[in-house]
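Single-letter residue listing:
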Amino acid sequence: MRAVSTWKESVHDRVYDLAFKPDGSQIIIASGSRVLVYDSDGAIIQPLRGHKDTVYCVAYAKDGKRFASGSADKSVIIWTSKLEGILKYTHNDSIQCVAYNPVTHQLASCSSGDFGLWSPEQKSVNKHKVSSKITCCGWTNDGQYLALGMMNGVVSIRNKNGEEKVKIERPGGSASPIWSIAWNPSKDEHNDILAVADWGQKLSFYQLSGKQIGKDRTLNYDPCCISYFSKGEYIVMGGSDRQASLYTKDGVRLGTIGEQHSWVWTCRVKPDSNFVVLGCHDGTITCYQLNFSTVHGLYKDRYAYRDSMTDVIVQHLITEQKVRIKCRELVKKIAIYRNRLAVQLPEKISIYDLVCSDDSSDMHYRVKDKISKKFECNLLVVCSQHIILCQEKRLQCLSFTGVKEKEWVMESLIRYIKVIGGPPGREGLLVGLKNGAILKIFVDNPFPITLLKLSTSVRCLDMSASRNNLAVVDEHNTLLVYDINSKDLLFQEPNANSVAWNTQCEDMLCFSGNGYLNIKASNFPVHQQKMQGFMVGYNGSKIFCLHVYSMSAVEVPQSAPMYQYLERKTFKEAYQIACLGVTDSDWRDLATEALEGLDFETAKKAFIRIRDLRYLELISSIEERKKCGENDNELFLADVYAFQGKFHQAAKLYKRTGHEAKALSMYTDLRMFEYAKEFVGATDPKSSRVLMTKQADWAKSSKEPRAAAEMYLSAGEHIKAIDIVGEHGWADMLIDIARKLDKAEREPLAKCALQFKRLKHHGYASETYSKMGDLKALVELHVETRHWEEAFSLVEKHPQFKYDVFVPYAQWLAENDRFEEAQKAFHKAGRQNEAVKVLEQLTHNAVVENRFNDAGYYYWMLSMQCLDIARESEDQRDEMLKKFEHFQRLAELYYVYRSIQRYTDEPFSSYMPETLFNICRFLLNNLTKDIPPGISKVNTLYALAKQSRKLGAYKLARHSYEKLRELHVPSPLLKSMELGSLTIHSKPFHDNEDLIEGMMCYRCSTNNPLLNNRGSVCINCRQPFIYSASSYEVLPLVQFYLEEGINDEEALSLIDLEVPHSVQRNALEHVVESGETQALKIEDSFDSADGDPFTANMSFEQGGSTFVPVKVSRSALRSMSRRDVLIKRWPRPLKWEYFRSLLPDVSITMCPSCFKMFHSEDYELLVLQHNCCPYCRRPIDEPN
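What counts, and at which threshold
Each chain has its residues counted from 1, running along the sequence as written. The predicted origin of the model limits local features to residues at a pLDDT of at least 70 and limits the giving and counting of side-chain atom pairs to 80 or more, whereas totals for whole chains, interfaces and linings rest on all residues. Processing note: side-chain calculations cover all non-hydrogen atoms of the structure and skip hydrogens and water entirely. Helix and strand labels come from DSSP, where a helix needs a run of H or I of at least four residues and a strand needs a run of E of at least two; each type is numbered from the N terminus. Helix span, as expected, comes to 1.5 Å for every residue beyond the first. Each residue's exposure class comes from its accessible area (1.4 Å probe, protein chains only) as a fraction of the maximum for that residue type: buried when under 20%, exposed when over 50%, partly exposed otherwise. Orientation is described by axes fitted as lines to C-alpha atoms, over the contacting stretch for helices, and by angles from 0 to 180 degrees between their N-to-C directions. Oblique is the label for any angle not covered by the other classes, which are roughly parallel (under 35 degrees), roughly antiparallel (over 145) and roughly perpendicular (65 to 115). Note: crossing handedness is left-handed where the near helix turns anticlockwise from the far helix by less than a right angle, and right-handed where it turns clockwise. Whether two residues are in contact is decided by their heavy atoms: any pair within 4.5 Å suffices. All residues other than Ala, Val, Leu, Ile, Met, Phe, Trp, Tyr, Cys, Pro, Asp, Glu, Lys and Arg, Gly among them, are scored as polar; the first ten of these are nonpolar and the last four charged. Basic side-chain nitrogens of Lys or Arg form a salt bridge, by our definition, when they fall within 4 Å of a carboxyl oxygen of Asp or Glu. Paired strands, as defined in this entry, are two strands with at least two bridges between them according to DSSP. Within 6.5 Å between ring centres, the rings of Phe, Tyr and Trp (the latter by its six-membered ring) count as paired, and their orientation is classed by plane angle as stacked under 30 degrees, edge-to-face over 60, tilted in between. UniProt positions are given in the numbering used here, feature names are shortened, and annotations may be inferred rather than shown by experiment.

A. Helix 6 (residues 633-644), seen in detail. The terminal C-alpha atoms of helix 6, which comprises twelve residues, lie 16 Å apart, in line with the 16 Å expected from a rise of 1.5 Å per residue. Counting buried residues along helix 6, nine of its twelve residues qualify, which places the element largely inside the surrounding structure. Phi for glycine 645, located one or two positions after helix 6, is positive at around 90°.

Okay, structure coming up:
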């Protein structure tokens, strides 16, 4: 610390007090009966007169708007910052001190017997009596408490209302009057700290609570004033020792600020600065500026510096760790070297040792030795085992115990000294003198070695790591670099104030000056960048820079020198520089340059640094190729260029080395197809097609499918194009492709068709298959897409595909529960077995579900299927014909039973009693011992009994009831049956004659019983009855057979011959044909001639037990009228059946499909109801 007097003034009267305006621009001074106002440079602004007696105290408000003065005339005057008095009030005694509250601006004024509190808001002053004279006062930082120092040695702490909260009694009592107090203004302290100076020559510190901090400090003089620096780090005190002294905030004396000729009554520190103003008993006012010099030491990355004048902080510049060593005395010098730290204090030198010297980041120091002796020295240096003291021309080497071992006396003043390393106890020192001499001294050698002799004074020195080069900064701020061995000047640079060699790189140094940091590598030009402060060390990529009082490690990328080496293609040296610390992009540039320069070893190291596996693989592959004997550097360079993206340069090199294929592959891999085309040129169509295909592959992978498809088409890769188009469902584009393809290109066309099928574009697929001529595929397409009409039309033209269409059609119909159509489709497909199987299942289901109408229909269809099979298969003919007969019988049984089932199961019936009566008799006459499933004999007999009773056939009804008693009758019918069987006995035991006449045989005119054990044949002539399929009345028809030798065609032609005119007489007959239906219409009857050949043929032998069929000759056939003959034209192998109507006036219609006979009126009514034959369900408009 060094104090410099900046200005000095003398006034005639004593100066008891002074105060700074908070902004530091004015000083108000209490001198005599006046208040003097000075500016900060010591020029008087204005003397203020208002007091009649000596002014003892002054104070400025914190806001700078007012200040106050207190005088022996017992008055307090409030002044404005414009130096105008605005208020005056008085006490009963002289005013000793005044103080403004820093927050509320309340003014405390203290006199010998009381103190008052005044604020601008109040009109009156609140006064409080005290027991002793108040000598000093001060407010806490937050303005909550006021401390009063008294003559009786007591400090009284009051609140803002004047009430005493804490009382501090000093041990000396009245013998130690409190003369000055001050609160520490620091905002970093956790507690309010009060400094108390008394005339017992003690300095003490107290907390707000009244608790003392530490011990009293002896002053050896009577303190008159105490003042803190703005941040509370130092205290200034003055008094009877006629000087102002600087203390730490803990009360450790640091030194003298300025000596005076009389007592120092007041001292104040200018706000936020290091200026101190003193006021003395003799009227002297002096202003001093305090300069705090930097006391520090640096060794590699450890920096030790003085803090708060009494502490040493050791900072690790890399890890930013810090450790504080409290010395509790003024630290004068600091030196650091390896694990040693030396601190010079006023009366001793302490040597510290690093606790764990192996750990570079350990920061724990302990005291190793102390040299308890006062030394005067300009510079201090520590080595492993010695202390070096420098005093002007003299250097002394002391052991850690204080023994002087060596002494060197120089020829000129020593300006710079530095330890440059060496074995412990034998370290070397680099010494620079004012006369320009540069020496090297070893601590174990009494003889200095002169390295160089300059013409100007030395300011800074450093030696390179290899001890070959020496850098010097002279007093003209010129940097000079010498070769130590040859003493040659290597280079010089202007504007330098400090220099340091890089500890890790021989050829690099840096120097600072004029706000710039300069880095120089080898003999390259200097690289500059801005920097505040000056540099003191250079380690790797870190430059240690001291700015004002703080040291920092600046990370400086070594990019500039590295690039300088790269320009010269000296890659190994550039790599060494990069190792000191450069950015990743710099490493990449180094790696790239080395790779292009074919220095693969350096490039590999650099790429390892940035973990670039791609380039490392490239280098590895090149090294492998080199081992295999390949040594074409241009080819290697081409590979490098290709990796770097310099594709055109790579292509040129590939071409030059005869590797055109590599260039082409490179361009295509990179999708640079235009360049590839340019490279190939128009001479090679094959390569062009390959390029086009690769371009399409790329377009496909880069999700540009339409472009890819078009490119594939251009390259002739139709199948790939079709795959892409189909995948994206572009049917229009696909049909364009299909239409442009030649029909010989079957594979792409087939692909097109498949895609159309997948996309459900049936029409396009059909068009494509048609173009190919693939009929089988076309059929399959129609079948798959269920377009049956197209399939059927195709089968009409190409019958060979009948099986391929009708079988799936039938299966589809069956799956959709259209079994009847399915059966027909199977039949059309020639799959008779499947057709029969479907029908059998349908029939079974119909019987199980009591759908007897459907059962009859299915049995009829089954019979017709069997007939078809019999016609087509000789082997199965007999069997199938038997089945035909069986199924025909079952069909009729189920057909008629349907009516009975409806009558018994449903509440109402639409059938006429005569019809039901006939149906029941027909069914019972035709039922054998094996009754078909589902047909109930009970229901039949029950229905017959009921209808017989209605129609007067009481005998038959009684017979039916008797038969029912032999059977198991269901409970719903039982009551009705028992009642009927009882009541029938009240009826006569005979049948209605009209009913019996209805059973007359038209061949032999015999009346047959209503129930016939022999079945539906005449009991006399055994001629089978022909029934109407609607009412089941016996029709007037007689079946006849042809004589041998007459075939069906001849018979038909004979019957079709015109009947002779004489036979016709007045008859008017005509046959109405509806479709192929044969209807015999007789509008006027005629008597058959007595000589009718057919009537003659109907005769038979009475009493015979066998049936004698009616056989007719040609003449008989010729005599018949076509209108009287009905023919069942069964398909082969069955024969046609011929029937002659014996009552031509009865109109009979026969269905051409099932050959069932009906009364024409009944048939027409049924056809109108059902629009088809009621038996075989043949639509009325269907051609036969």
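Let's pick the thread back up.
B. Just the packing of helix 5 (residues 613-627) against helix 6, in detail. The N-to-C vectors of helix 5 and helix 6 enclose an angle of 170°; their axes lie 11 Å apart at closest approach. As far as their axial angle goes, helix 6 and helix 5 are roughly antiparallel. For the pair helix 5 and helix 6, the sense of crossing is right-handed. Only Leu635, Phe636, Asp639, Val640, Phe643 and Gln644 of helix 6 make contact with helix 5, whose side of the interface consists of Arg614, Tyr615, Leu618, Ile622, Arg625 and Lys626. Partitioned by chemical class, the residues of the contact of helix 5 with helix 6 number seven nonpolar, one polar and four charged.

C. The arrangement of the pattern of salt bridges in detail. All chains considered together, the criterion is met by 29 salt bridges. A single network of salt bridges, built from pairs that share partners, joins Arg170, Asp198 and Asp216.

D. Expanded view of the pairing of strand 14 (residues 134-139). By the criterion of burial, strand 14 is predominantly enclosed, with six of the six residues buried. Sheet topology note: the strand 14/strand 15 (residues 145-150) ladder contains five bridges and is antiparallel. Considered in strand 15, the bridge of glycine 138 is made with alanine 147. A loop of five residues connects strand 14 with strand 15, the two strands running antiparallel in sequence, and glycine 143 in this loop sits at a positive phi of about 75°.

E. Main features of the environment of alanine 30. Note that alanine 30 resides in strand 3 (residues 26-31). C-alpha separation for the pair alanine 30 and alanine 19, spaced eleven residues apart in sequence, amounts to 8.8 Å. Those residues in contact with alanine 30 that sit more than four places away from it in its chain are Arg14, Val15, Tyr16, Asp17, Val55, Tyr56, Cys57 and Val58.

F. Up close: the sheet that holds strand 39 (residues 394-399). With respect to topology, four strands assemble into an open sheet ordered 37-38-39-40, the strand pairing being antiparallel. Strands at the two margins of the open sheet, each flanked by one partner only, are strand 37 (379-382) and strand 40 (404-409). Along the sheet, successive strands turn relative to each other by an average axial angle of 15°, direction set aside. Across four bridges, the pairing between strand 37 and strand 38 (residues 386-391) is antiparallel. Counterpart to valine 382 in the pairing with strand 38 is isoleucine 387.

G. Highlighting the packing of aromatic side chains. Counted under the stated rule, the structure contains 30 aromatic pairs. Their ring planes at 80° and their centres at 5.0 Å tell us that phenylalanine 852 and tyrosine 897 sit as a pair that is edge-to-face. Of the two residues, phenylalanine 852 sits in helix 21 (residues 852-872) while tyrosine 897 sits in helix 22 (residues 877-905), which places them 45 residues apart along the sequence. As far as burial versus exposure is concerned, phenylalanine 852 and tyrosine 897 are alike and both buried.

H. Structural view of the UniProt feature "repeat: WD" (unreviewed entry) in the protein chain. The residues that UniProt annotates with the feature "repeat: WD" (unreviewed entry) are residues 48-79. The span residues 48-79 carries 0% helix and 59% strand; its end-to-end C-alpha distance comes to 9 Å.

I. The arrangement of the environment of cysteine 1018 in detail. Within the element layout of this structure, cysteine 1018 appears in the loop between helix 27 (993-997) and strand 56 (1037-1042). Residues in contact with cysteine 1018, not counting those within four places in the same chain, are Cys1001, Cys1004, Thr1006, Asn1008, Gln1023 and Phe1025.

J. View of unusual backbone geometry. Cis rather than trans, the peptide bond between arginine 1132 and proline 1133 has omega equal to 5°. Mapped onto the elements of the fold, proline 1133 is located in the loop between strand 60 (1125-1128) and strand 61 (1137-1141). With a phi close to 60°, glutamine 201 is a non-glycine residue in the positive phi region. Relative to the assigned elements, glutamine 201 resides in the loop between strand 19 (193-198) and strand 20 (202-207). The exposure class of glutamine 201 is partly exposed, given its relative accessible area of 26%. A positive phi angle, near 60°, is found at arginine 1022, a position not held by glycine. By the secondary structure assignment, arginine 1022 is in the loop between helix 27 and strand 56.

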